Amino acid sequence: MESGIRNFVGEPERREQCIEAIKKAVASMALGGGPDAAAAAVGLPAPFEPKPPAVSGIASAARAQEPEYGDGPKRVELREEFDIVTARGATRGMCAALGFPPVEQVKIATITSELARNIIAYAGRGYVELVPLSGERKGIEIRAVDNGPGIPNIDSIMAGGYSSNTGMGIGLLGTKRLMDEFELDSVPGRGTTVVTRKYR
């Protein structure tokens, strides 16, 4: 983990702060503390547990399918930029386990990065949940959830009339085009949930 931080965090002072924070968190866990204790040891709030807005359709369909890969859904909490890297890596790992070819793995992991970056940039915190899909059509579902300010100009964004400099140039419209299924639910002041799926 320490070598990974040295690879991804360029600023020396920030890099050493991250390493020290991880050491404190690990020490707290070793003493029998749970995630809350580890977060407290490094001055972070308890793990985020937002209540996502209701999303029908493909989200409910996914819950009706039992995952058959690995140990089921994986959630990555998003609080800072480095968590985006974690979410991207988790996505690529699950896609590899599900049998997606390497090019598709990179594409889907990039979608997760974009969604996670949006959460950090506009809501401050949230989570990404990765769900392996079984049944007749095998694949992966990505759920990006936050309790941020919501998106007031959804129609303009989805029509291609809005672009942001904070992401990687993919955006929500690009995500919809690259994935097989896409659903967006956002209420101003109550947060945003994006559910998207890619089939193998």
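Presented here is an overview of the structure given in this document. (Residues numbered from 1 in each chain as written. Predicted model: local features only at pLDDT ≥ 70, side-chain atom pairs only at ≥ 80, totals over all residues. Heavy atoms only, no water.)

Quick notes on the sheet that holds strand β2 (residues 126–133)
The cut-off we apply is this: Strands were regarded as paired on the criterion that DSSP finds at least two bridges between them. Strands are runs of DSSP state E lasting at least two residues, helices are runs of H or I lasting at least four, and both sets are numbered from the N terminus onward. Here an axis means a line fitted to C-alpha atoms, over the contact stretch when the element is a helix, while the angle between two N-to-C directions is reported on a 0 to 180 degree scale.
Pairing in this open sheet of five strands is antiparallel, and the strands run β1-β2-β3-β5-β4 from one edge to the other. Among the strands making up the open sheet, the edge pair consists of β1 (74–78) and β4 (181–187). Adjacent strand axes in the sheet meet at a mean angle of 10° when their direction is disregarded. Relative to β2, β1 runs antiparallel, the two being bridged by five bridges. Bridging from a neighbouring strand, E77 pairs with Y127 of β2.

Comments concerning the nonpolar core
Inclusion rule: Here the nonpolar core consists of buried residues drawn from Ala, Val, Leu, Ile, Met, Phe, Trp, Tyr and Cys, with membership extended through side-chain atoms lying within 4.5 Å. Residue burial is assigned from relative accessible area. The probe radius is 1.4 Å, only protein chains are included, and a residue is buried under 20% of its type maximum, exposed over 50%, and partly exposed in between. Contact definition: two residues touch when any of their heavy atoms are within 4.5 Å.
Core analysis: the biggest nonpolar cluster contains 24 residues, and L78, I108, L115, V128, I140 and I142 have the highest contact counts within it. Sorting the residues of this core by element identifies β1, α5 (81–97), α6 (102–123), β2 and β3 (139–146) as the ones contributing at least two each. Here this core gets six residues from one element, more than from any other, and that element is α6. Ignoring any residue separated from it by four or fewer positions in sequence, one finds V128 in contact with K74, R75, V76, L78, T112, A116, I142, R143 and A144.

What to know about the environment of F82
If you trace the backbone, F82 turns up in helix α5. With 64 residues separating them along the chain, F82 and C18 place their C-alpha atoms 9.6 Å apart.

By themselves, these figures tell us nothing about what the structure is for.
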